[in-house]
Amino acid sequence: MEGGESSAKIIKTAPSVLKADIWTHYGFYQLKGKNELDKSHAVCKVCHTKIKYLGGNTTNLRNHLSRFHCEKLTSATKKTADPAQRRIDEVLSTFPPNSEKAKTITQSVAAFIAKDLRPYSVVENAGFRHLLKTLEPRYKLPSRSHFTENVIPALYNGTKAQVMASMIQAKRVAITCDAWTSVATESYLTVTAHYISEDWQFLSHVLQTRAVYESHTGAHVAELLSHVVEEWQLSDKDVMLVTDNAANMIVAAELGKFPHVKCFAHTLNLASQRALKVVTLSRLLGRVRQIATFFHRSTTANHYLKEKQKCLGLKNHKLITDVATRWNSAYDMVERFLVQQPAICATLLSPEVRQGQSDLCTLNETDVSNAEDTNMTGTIGDSPMIHAIKNAITTDLLKRYNGEAEKKILHTASALDPRFKGLPFLTVEERLEIYRGVTEEAASLENERTLRRTEVIDGPSAPKRKASSSSLLVSLLRRSFTDTEGTAEPKTPYAIAEEVIEKYCKASSLPLTEDPLNWWRVHEITFPLLSRVSKRYLCVSAERVFSTAGDVVTAKRSTLKPEHVDQLVFLQKNLHIPKC
């Protein structure tokens, strides 16, 4: 940079070929004696400073103007990047589809769709795409079809392999099935497996969901369950079937030759529904239901109810009504009514709300509270309504569980549960018969274990030793060193099982509030033989109602194919993701 030139020297305007906006403030001197410009140096029109010009590069010119004459800089003079031109770091930093980072994010999106029951179209939503772009600009979200046809099926296959590997260790597997109908009026049957793991964890896995186009006859259900056993390699697991009390399920168990147990929760539900139809109880519930409906529909009454609750120091709880498909909701409705009864009466009798409803709050609280009595044995103090309720429930329960095979399974499971091993509900002869069956089963397992151990030591094809092939040493020293009288005979498997059962029965019973699986985890070393039998019977679980299965086929996903429904229900129930 050179300065101090005579200010009288004229600065010529830059040629028109130099179109950069910076040349508004620069020009050139004319060479002495020539009609040419000295383009080796550009001259600042403000301070007449000569700046070396390298031809085409205006960086020095811009730096001078920015440093000494920043007021001359305008938005047009400042050098800005072309918005249409992508930066090189943007081009080079986009993840390739096969990169590990991109695969991890794609797997996480698939898990989000499956676990949170999101539609496949969520990957096309503007808000979701904006969220991913904000979190990781370098990630390119795959298309909806890519998730449907590739990512979700691959995730399903991987999870299925894990479930099958886990069930291989099970001593026995119990399966339950539940039929449900989607919003698209399509019938599905979902099958779940239950078993006890090696570390005494009770595990449940949804195996499959199949669309059922035929009628739900016992033959069709039996065929479907047989396919489930074959596909999931459960033929050697002595599969036990747990279902509701429907006739087609009973037929399916007989045709499929499955040990069958009717779900006790469903049985109790049927008995309770019968009790709710008792005339006196039905009338009582109707009055409570009418009061709850009145408060739900009247905004004025609901407002004054909240005020009365506040004055009486009661919790601000809404009244609830029962649901026909939930038998225990009637109990919840009555219980909530009893808690809020003072506020209800005060509200209904107040001048602001009185609309011919005052007679509804005169319910007999004694009758309502007596409905909570859980002792099914009739007592002298029972009211006619309580007596009718107990009679209805007892009558319904007595006609259930009449099959000898089913009762044996349930009694054996109770005997192997340390809370109920005393079997107080059976006679002495029945108890002995149950424990005799447990002893025989334990002896059979011990015999199998002994045979396997022998095969490991000698080999399955080891030749039998001849009785006369005794060694010379034994022949010479048998009389002196063999104590034939003190040699104990080896115990038979049945004798071993009897000793274990006797020791188990003498152990203290477990309190009803404790977990029997935790007890077996601790005492497995003490009762190794009996613990193996326990895993075969304590795996029985209640029939599952798939409330979330119906959420898979929603109005936004009513056109899902059956195979996609199967994959999504399976992943929602079985896919394990770490807690955050």
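Everything here concerns the structure above.
K.L.:
Would you explain the overall build of the protein in this entry?
P.N.:
Broken down by element type, the protein carries 21 helices and nine strands. Here the protein holds 580 residues, and 38% of them are scored as buried. Taking all contacts inside the protein whose residues are at least 6 apart in sequence as the whole, residues at least 24 apart take part in 59%. Working note: accessible area of the protein is about 34,600 Å², and carbon and sulfur atoms make up 54% of it.

K.L.:
Explain the packing of aromatic side chains to me, please; I cannot follow it from the model alone.
P.N.:
By convention here, two paired aromatic rings are described through the distance between centres and the angle between planes. One pass over the structure, following the stated rule, counts 15 aromatic pairs. Summarising the aromatic geometry, the rings of Tyr-504 and Trp-520 are spaced 5.7 Å apart at their centres and angled 20° between planes, so their arrangement reads as stacked. Of this pair, Tyr-504 sits in helix H17 (residues 493–506) while Trp-520 sits in helix H18 (residues 516–523), and the two are 16 residues apart along the sequence. When sorted by exposure, Tyr-504 lands in the same class as Trp-520, which is buried. For the ring pair Trp-520 and Phe-527, a centre distance of 6.4 Å and an interplane angle of 75° mean the geometry is edge-to-face. Summarising the burial analysis for this pair, Trp-520 and Phe-527 share the class buried. Ring-pair connections join several aromatic residues into one group, and the members of that group are Trp-200, Tyr-504, Trp-519, Trp-520 and Phe-527. Residue placement shows Lys-160 over the ring face of Trp-232; its charged tip is 5.0 Å from the ring centre. Cation over ring: Lys-503 sits above Phe-527, and NZ or CZ is 5.9 Å from the ring centre.

K.L.:
Hey, could you run me through the pairing of strand E7 (residues 202–211) in this one?
P.N.:
The side chains of a regular strand alternate between both faces of the sheet. With nine bridges connecting them, strand E6 (residues 187–196) and E7 associate as antiparallel partners. Considered in E7, the bridge of Tyr-188 is made with Ala-211. From the end of E6 to the start of E7, which pair antiparallel, there are five residues, and Trp-200 there has a positive phi angle of about 65°.

K.L.:
Sorry if this is basic, but what is going on with the packing of helix H9 (residues 279–297) against helix H10 (residues 299–312) here?
P.N.:
The relative placement of two packed helices is expressed as an angle between their axes plus a distance between the axes. Two elements in contact, H9 and H10, have axes separated by 5 Å at closest approach and are oriented at 100°. Between H9 and H10, the crossing angle belongs to the class labelled roughly perpendicular. Between H9 and H10, the residues in contact are Phe-294, Phe-295 and Arg-297 and Thr-299, Ala-301, Asn-302 and Leu-305, respectively. When the residues that make up the contact of H9 with H10 are grouped by side-chain class, the tally is four nonpolar, two polar and one charged.

K.L.:
Which parts of the structure should I look at to understand helix H21 (residues 562–574)?
P.N.:
It helps to recall that an α-helix has 3.6 residues per turn; residues three or four apart then point in one direction. With 13 residues, H21 extends 18 Å from end C-alpha to end C-alpha; this agrees with the ideal 18 Å at 1.5 Å per step. Among the 13 residues of H21, ten are classified as buried, and the element is accordingly described as predominantly covered. Taken together, the buried positions of H21 are His-564, Val-565, Asp-566, Gln-567, Leu-568, Val-569, Phe-570, Leu-571, Gln-572 and Asn-574.

K.L.:
Can you walk me through the nonpolar core in this structure?
P.N.:
Side chains of nonpolar character tend, in soluble globular proteins, to be buried together. Grouped together as the largest cluster of nonpolar side chains are 57 residues, with contacts concentrated most on Val-109, Phe-147 and Trp-232. Beyond its immediate stretch of four places on either side in the chain, Trp-232 contacts Lys-160, Val-163, Met-164, Met-167, Leu-207, Gln-208 and Phe-570. In this structure, Ile-409, Ile-434, Leu-510 and Val-533 belong to the second largest nonpolar core, which totals 32 residues.

The rules we used
Residues numbered from 1 in each chain as written. Predicted model: local features only at pLDDT ≥ 70, side-chain atom pairs only at ≥ 80, totals over all residues. Heavy atoms only, no water. Helix = DSSP H or I, 4+ residues; strand = E, 2+ residues; numbered from the N terminus. Buried < 20%, exposed > 50% of the residue type's maximum accessible area, 1.4 Å probe, protein only. Contact = heavy atoms within 4.5 Å. Areas by Shrake-Rupley, 256 points an atom, 1.4 Å probe, with all protein chains shown as cover. Phe/Tyr/Trp six-rings, centres within 6.5 Å; stacked < 30°, edge-to-face > 60°. Lys NZ or Arg CZ within 6 Å of the ring centre and 35° of its normal. Pairing = 2+ DSSP bridges. Axes fitted to C-alpha atoms, helices over the stretch in contact; angles between N-to-C directions. Parallel < 35°, antiparallel > 145°, perpendicular 65-115°, else oblique. Nonpolar A, V, L, I, M, F, W, Y, C, P; charged D, E, K, R; others polar. Expected span 1.5 Å × (residues − 1). Core = buried A, V, L, I, M, F, W, Y, C linked by side-chain atoms within 4.5 Å.

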